[in-house]
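Remarks on the overall topology
The residues making up each chain are set out below.
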Amino acid sequence: MVTTAQFRQALRVGPAGDGWHKPALSAVVTLGALNLTLLGLGRLDLALYTSAGGLGALYGHGLPYRARARMLVGVLLGTVLSTGAALTAAALTRDAAVLVAVAAVLAALHKLLCDAARVGPPGSLIITFTSSSCAFVPQRLGEVPPHLALTALGAALAWLVCMAPALVRPYGPERIATARALEAAARLLRTGPGRPDAPARTALVGAVEAARQSLALSIPARRRALGDAPERLLVRAEAALVGPARPEDAARYLGWARDLRRGRPLPSLDLTEAEAAEAAETVAAAARRPGPRPPLRRALRPGSALLPIALRVAVGCVAAGWLSLALGVGRPYWAVVTAASVFQANSTLSWQRALQRVLGNLLGLLLFTAALPVAHSGPVALIGLGLLCQFGAEATIARSYWLATVFVTPMALLMTEFAGPQQAGTLVADRWLDTCVGALAGLAACLLVTNRRTAARLARALAGAEAAGHRALAAVSAVSAVSAASAPEARAARTGLATALLELREATDTAAGEWRRPALPHQRAAATEQRAHHLLAALLERRGRGDLPDTP
């Protein structure tokens with residue numbers, strides 16, 4: 001039973017996202033350059049193909065530049081291949097039911113691969129939107145190569161725009177990741193007495209691990225140029241897990257975070273001998289080996305919790321598209337995209353996304369209707385409105401998905417105007433009907449295709465966290481005895497415990513939101529998480545006191 005509190009949670013508008021302007025400006029610059037060039041050539045009708053690649057400018061802005069370049073190549077190559085498959089299908093058949101099936105299979109592959117590679121926002125939805133749109137544009141086989149070349153051109157420009165900030169702030173992503181860890185430490189220190197701080201503690205552990213991964217993924221030359229100053233700041237941020245909380249420490253952490261974000265010189269912190277030795281060893285270890293990569297094989301192997309989600313996408317998208325065709329809608333790919341947007345990590349998040357999608361689309365249709373006279377005033381106004389909607393979507397997506405959809409809907413409808421003026425009434429009616437059909441089909445697929453593997457994942461995460469806790473307890477005893485091997489053992493125990501703790505929290509949240517699942521060991525998971533936090537704090541406290549011997 002859905003409660004009022006869950007409705008409020010689904011429609012809650014949060015604070016502005018951190019760094020939202022980066023994907024927003026990158027997309028505006030990329031799409032603006034592409035569309036204005038096509039306008040100058042008198043071929044604005046080709047904007048769909050260039051935009052398919054240009055929308056890649058939304059990806060990768062939180063990654064260091066070496067990792068960003070690699071990830072963008074994968075996303076953009078996948079976009080070009082998906083667009084090629086969609087265009088080829090459109091050239092080979094005019095059967096709309098077959099094209100819906102092609103779009104649904106592509107949507108499932110996008111979801112599976114993007115989730116497995118941990119691509120991050122905006123995930124698979126942008127690729128699904130562009131490939132589904134291309135699947136329903138009439139083609140001849142001879143037109144596919146030049147149209148695909150336009151997609152590749154847009155993708156190449158998107159790659160250049162996303163990588164351009166490296167010329168100005170080469171250490172920007174690493175500094176921002178470190179700043180986020182310090183800000184998470186400040187939030188933990190400001191947790192009021194008597195309030196549960198487990199979420200804030202887990203958030204700090206995750207932010208520190210994310211910052212260390214960011215530093216490890218950095219280009220070796222830049223990593224050497226940064227030195228151990230970021231790692232020293234992360235060591236100090238971890239000290240917030242030990243306590244006691246002092247308001248002056250929170251203010252100090254926030255001051256360091258502001259310095260990092262504004263490009264100011266990094267402070268030189270005094271650490272204990274053990275902390276300094278560990279910071280230097282962490283930096284040296286990162287220089288000896290490449291940074292971590294997403295475990296793709298593990299995510300795609302049989303038994304993965306991602307496979308039922310991909311099956312849900314395929315079933316929900318094909319059902320939405322076929323139902324849309326049965327209702328006589330001229331653009332069934334909108335229903336396919338709506339169904340694809342519904343599917344999240346679990347059923348609870350999926351129905352919340354469906355509610356957000358429907359509300360945002362309704363308001364977006366009103367905005368499109370109001371803006372249509374301006375769009376019809378000329379192609380420059382049409383391009384400008386599309387870019388404005390793109391900017392608005394990125395500015396609000398972190399605040400609330402439904403709010404961002406208010407801008408996404410008119411942007412998608414304005415793209416159809418690039419090929420020529422459309423019947424506004426038919427366009428609005430089709431979009432609204434497809435939205436409702438897609439949302440209902442997506443929710444039906446969540447009910448029909450169960451994902452009991454979330455419970456199995458939680459069981460594995462719980463066993464892993466308990467085993468990591470045992471190793472950490474042994475390390476605490478070794479540190480207390482000041483054995484010669486305690487420093488590397490304690491460091492390895494802390495790293496393993498932090499990783500297991502984050503996996504346990506993610507697995508618990510995912511499994512708890514699934515509708516049809518076995519009973520979950522909530523009390524055991526909460527007790528294990530609390531014990532892990534205590535052990536982590538104990539190891540950090542001993543390191544901070546200098547109990548750890550120097551690493552030989």
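Note that the structure is predicted; figures quoted are calculated from it, not measured. (Residues numbered from 1 in each chain as written. Predicted model: local features only at pLDDT ≥ 70, side-chain atom pairs only at ≥ 80, totals over all residues. Heavy atoms only, no water.)

Once that is clear, we can look at empty space enclosed by the protein. Summary: where empty space remains is shown by rolling a probe the size of a single water molecule over the atoms. Summed over the entire model, instances satisfying the criterion amount to two cavities of 30 Å³ or more. In terms of lining, the largest cavity is formed by 13 residues, of which the most central are Leu31, Asn35, Gly386, Met411 and Met415. With five residues, the single largest contributor to the lining of the largest cavity is helix 18 (residues 379–396). Split by residue class, the lining of the largest cavity holds nine nonpolar, four polar and no charged. (1 Å grid on protein atoms, 1.4 Å probe; cavity = no way out; pocket = protein on both sides within 12 Å on 5 of 7 lines; lining within 4 Å. Points joined across faces, edges and corners; volume = space filled by probe spheres on them. Helix = DSSP H or I, 4+ residues; strand = E, 2+ residues; numbered from the N terminus. Nonpolar A, V, L, I, M, F, W, Y, C, P; charged D, E, K, R; others polar.)

This part is about the pattern of salt bridges. Opposite charge on two side chains permits pairing when their charged atoms draw close. Under the criterion given, the structure shown has 15 salt bridges. Of the charged contacts in the structure, one is a salt bridge between Asp18 and Arg261, with a shortest N-O distance of 2.8 Å. Here Asp18, found in the loop between helix 1 (4–10) and helix 2 (21–40), pairs with Arg261, found in helix 12 (residues 247–261); they are 243 residues apart in sequence, far enough to count as distant. What emerges from the salt-bridge pattern is a single network uniting Asp18, Arg180, Glu183 and Arg261. (Salt bridge = Lys/Arg side-chain N within 4 Å of Asp/Glu carboxyl O.)

Glancing now at the nonpolar core. Within the largest apolar cluster, 57 residues are counted, with the highest numbers of intra-cluster contacts made by Tyr59, Leu414 and Phe418. Residue contributions to this core peak at ten residues, all from helix 4 (residues 65–92). The residues contacting Leu414, other than those within four sequence positions of it, are Phe368, Ala375, Leu382, Leu385, Gly386 and Cys389. (Core = buried A, V, L, I, M, F, W, Y, C linked by side-chain atoms within 4.5 Å. Buried < 20%, exposed > 50% of the residue type's maximum accessible area, 1.4 Å probe, protein only. Contact = heavy atoms within 4.5 Å.)

Before going further, it helps to spend a moment on the environment of Gly330. Summarising the element assignment, Gly330 is placed in the loop between helix 15 (306–326) and helix 16 (333–342). Sequence spacing of Gly330 and Ala96 is 234 residues, and the spatial spacing of their C-alpha atoms is 9.7 Å.

Counting buried positions along helix 3 (residues 47–54) gives eight out of eight residues, so the element sits mostly inside the fold. Where helix 3 is concerned, the buried positions are Ala47, Leu48, Tyr49, Thr50, Ser51, Ala52, Gly53 and Gly54. Looking at the buried residues of helix 3, the elements they touch are helix 2, helix 4, helix 6 (125–135), helix 7 (144–163) and helix 19 (401–417).

Glancing now at the side chain of Thr454. Structurally, the position occupied by Thr454 is in helix 21 (residues 453–481). Here Thr454 falls in the buried class, since its relative accessible area comes to 3%. For Thr454, the contacting residues outside a window of four places in its chain are Thr510, Ala511 and Glu514.

Now for a nonpolar patch on the surface. A cluster of nonpolar side chains, Val105, Leu109, Leu113 and Leu300, forms an exposed patch at the surface whose accessible area comes to about 330 Å². The greatest single-element share of the nonpolar patch, amounting to three residues, is contributed by helix 5 (residues 96–116). Relative to the helices and strands, Leu113 is located in helix 5. Overall, Leu113 belongs to the partly exposed group, its relative accessible area being 46%. (Patch = residues over 30% accessible without salt bridge, like charges linked within 9 Å, V, L, I, M, F, W, Y side chains within 5 Å. Areas by Shrake-Rupley, 256 points an atom, 1.4 Å probe, with all protein chains shown as cover.)

All right, on to the side chain of Asp259 then. With respect to the helices and strands, Asp259 occurs in helix 12. Engagement of the side chain of Asp259 in a polar contact is seen with the side chain of Arg264, the distance being 2.9 Å. Apart from residues no more than four positions distant in its own chain, Asp259 is found in contact with Arg175 and Arg264. (Polar contact = N/O pair within 3.5 Å; in protein donor to acceptor, adjacent residues only side chain to side chain.)

Moving on to the confidence of the model for the chain. Here the chain shows a mean pLDDT of 85. Residues at 70 or above account for 89%. In the model, residues 547–552 has pLDDT below 50 throughout and makes 18 contacts with residues more than four positions away in sequence or in other chains. (pLDDT = per-residue confidence, 0-100.)

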